[in-house]
Amino acid sequence: MSLRRGDTQPSAVADAAPAVRKVCFVSETWHPEINGVTHTLSHLVDHLHQRGYPLQLVRPTPDEGGTDPRMDEELQVRALPVLDYDGVHMGGVMPARLKAFWQAQRPDVLYIATEGPLGMVAVRVARQLGIPMVSGFHTNFDFYSQHYILLRVVRPFVRSFLRRFHNKTAITLVPTRAQADLMADQGFKRVEVMGRGLDTASFSPEFRSPELREEWCAGSDQRVALHVGRLAAEKNVGLLIETLEALRAANPRQIAVIVGDGPLRAEMEKRLPWAHFAGFQRGEALARYYASADMFLFPSRSETYGNVVIEAMASGLATVAFDYAAASELIRDGHNGVTITLDNNADFIEKSKQLAADPAAVRLQGEKARERVLELSWEKIGVLFTHYLHEAQEVKDA
């Protein structure tokens, strides 16, 4: 049903007048779903909406119904459940239906955020109609395919599929220079870096809550270890459990707070009965959880970026993470956080213990972390995104 409504931190990219008149977003995940893709897309949409760009959206029909009020036009397609990944859907649409939608309400450029069935049909139809496309590389499918049955079956073909998919678009946007270099080496063409922004007013040490710490029974001399994220296998939750168990063994007064939900929550609650499980948190409530902790544990190895890392840093937390994605670009080991060589689980646990035992280091690294991310801005990212949309139009017109 067609519905209508009534460098990673650029410093000198001009926010041009909208020669691109209508931008269409195609994504199999959308707000209010909570994940890194929807977080980024919402900020990009806000940037364009505030500047008067007509916007269009193609997505699966949400469980709660309704449309996105920022959109001028919206096409909702059949939502297909993803095997053994609760709460996530793919989009199913016949090419003829999407073609008719775009023939009647043609966009000037597409941003295709997901490489599922909906994304594949969108690429096919856009090529038929001559609509320029920018694609985003938001999900590390190589890593996810280790943990989910459907993806595991096709894992040997994932990289070649992704290369063919993205090479059909004018530009592929990735969040880090390391990712761009890796993909270029693997035969991906026209890969550009567009990092992630941060609202440093929304994530700040100023949100530290004595009342929340009192709920956790955290005294001024106790360091609270926080984790924020989906509680699922691809997020390396097993290592998180082991690390928190090691911290508790080293210090029986250790406090842990887990924000998020997912299929492994029940197992975590069983293994960590002393930890505080808060479920998903949003807005100022989430900011209070960040700011009221002291150190942030992030053992995931599946991120393309890791928005929670910069949110934790902005909140003044000393972060322990593997040396890749956002942590690799923003954390200087021992200065404003701790980075671990990828896959060195034993070192992750040991350095987490060392940091938890050093209150001065926790405090100083948290202060330096906040300083490091103050330069990040969604405004700058929005300007760069707009630039790439215009560039895709110019490639098509050339």
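Small disclaimer: the values here were computed from a predicted structure and weren't measured.

Cut-off values and rules
- Residues numbered from 1 in each chain as written.
- Predicted model: local features only at pLDDT ≥ 70, side-chain atom pairs only at ≥ 80, totals over all residues.
- Heavy atoms only, no water.
- Core = buried A, V, L, I, M, F, W, Y, C linked by side-chain atoms within 4.5 Å.
- Buried < 20%, exposed > 50% of the residue type's maximum accessible area, 1.4 Å probe, protein only.
- Helix = DSSP H or I, 4+ residues; strand = E, 2+ residues; numbered from the N terminus.
- Contact = heavy atoms within 4.5 Å.
- Pairing = 2+ DSSP bridges.
- Right-handed = clockwise from strand over helix to strand, strands pointing away.
- Axes fitted to C-alpha atoms, helices over the stretch in contact; angles between N-to-C directions.
- Parallel < 35°, antiparallel > 145°, perpendicular 65-115°, else oblique.
- Left-handed = near helix turned anticlockwise from the far one by under 90°.
- Nonpolar A, V, L, I, M, F, W, Y, C, P; charged D, E, K, R; others polar.
- Expected span 1.5 Å × (residues − 1).
- Arc of directions from axis to C-beta.
- Phe/Tyr/Trp six-rings, centres within 6.5 Å; stacked < 30°, edge-to-face > 60°.
- 1 Å grid on protein atoms, 1.4 Å probe; cavity = no way out; pocket = protein on both sides within 12 Å on 5 of 7 lines; lining within 4 Å.
- Points joined across faces, edges and corners; volume = space filled by probe spheres on them.

How do you make sense of the nonpolar core when you look at a structure like this?
Counting residues in hydrophobic clusters, the biggest one holds 35 residues, and the most contacted among them are Leu226, Tyr290 and Phe296. Broken down by secondary-structure element, the contributors of at least two residues to this core are β10 (224-228), β11 (255-259), α11 (283-292), β13 (295-298), α12 (307-314), α13 (325-330) and α15 (359-373). Excluding its chain neighbours within four sequence positions, the residues that come into contact with Leu226 are Val257, Val259, Tyr289, Tyr290, Ala293, Met295, Phe296, Leu297 and Leu317. Ile258, Met268, Phe322 and Tyr324 belong to the second largest nonpolar core, which has 31 residues in total.

Just to check I follow, could you spell out the pairing of strand β8 (residues 171-174) for this structure?
For a regular strand, side chains alternate in direction, first toward one face of the sheet and then toward the other. Residues Ile171 and Leu173 point to one face of β8 and Thr172 and Val174 to the other, with burial holding for every one of them. Bridge count between strand β7 (residues 133-136) and β8: three bridges; the pairing is parallel. Pairing of Val134 across the sheet is with Ile171, part of β8. Pairing of β8 with strand β9 (residues 191-193) involves three bridges; the strand directions are parallel. Across the sheet, residue Val174 finds its bridge partner in β9, namely Val193. Note that the unit made of β8, helix α7 (residues 177-185) and β9 has a crossover that is right-handed.

Which parts of the structure should I look at to understand the packing of helix α9 (residues 237-250) against helix α14 (residues 345-356)?
When two helices pack together, their arrangement is given by the angle between the helix axes and by the axis-to-axis distance. Two numbers describe how α9 lies on α14: the axes approach to 9 Å, and their chain directions differ by 40°. Between α9 and α14, the angle is such that the two are oblique. Here α9 runs over α14; the crossing is right-handed. Seen from α9, the contacting residues are Leu239, Glu242, Thr243, Ala246, Leu247 and Ala250; seen from α14, they are Asn345, Phe348, Ile349, Ser352, Lys353 and Ala356. Tallied by class, residues from the contact of α9 with α14 come to seven nonpolar, three polar and two charged.

Help me out: how do you make sense of α15 in this one?
It helps to recall that an α-helix has 3.6 residues per turn; residues three or four apart then point in one direction. Relative to the 21 Å expected for 15 residues at 1.5 Å per residue, α15 spans 22 Å between its end C-alpha atoms, a close match to the ideal helical length. For α15, every residue scored as buried is listed here: Ala361, Val362, Gln365, Gly366, Ala369, Arg370 and Val373. Looking straight down α15, one finds its buried side chains confined to an arc of 160°; they lie on one side. Where α15 is buried, its residues touch α12, β14 (318-322), α13, β15 (338-340) and α14.

How do you make sense of the packing of aromatic side chains when you look at a structure like this?
Geometrically, a pair of aromatic rings is defined through the distance of the ring centres and the angle of the planes. Counting across every chain of the model gives ten aromatic pairs. For the ring pair Tyr290 and Phe296, a centre distance of 6.0 Å and an interplane angle of 50° mean the geometry is tilted. Each member of the pair Tyr290 and Phe296 is classed as buried. A network of ring pairs unites the aromatic residues Phe25, Trp30, Tyr111 and Phe385 as a single cluster.

How do you make sense of empty space enclosed by the protein when you look at a structure like this?
Rolled over the atoms, a probe as big as a water molecule pinpoints where empty space is left. Of the pockets and cavities examined, the second largest cavity occupies roughly 30 Å³. By residue number, the principal contributor to the lining of the second largest cavity is α13, which donates three residues. For the lining of the second largest cavity, the class distribution of residues is nine nonpolar, one polar and no charged.

I keep staring at the pairing of strand β3 (residues 55-60) and nothing clicks. Help me out?
Buried residues dominate β3, accounting for six of its six residues. Looking at chain direction, strand β2 (residues 23-26) and β3 are connected through four bridges and run parallel. Bridged to Cys24 within β3 is Gln56. Handedness of the β-α-β unit built from β2, helix α1 (residues 36-50) and β3 comes out right-handed.

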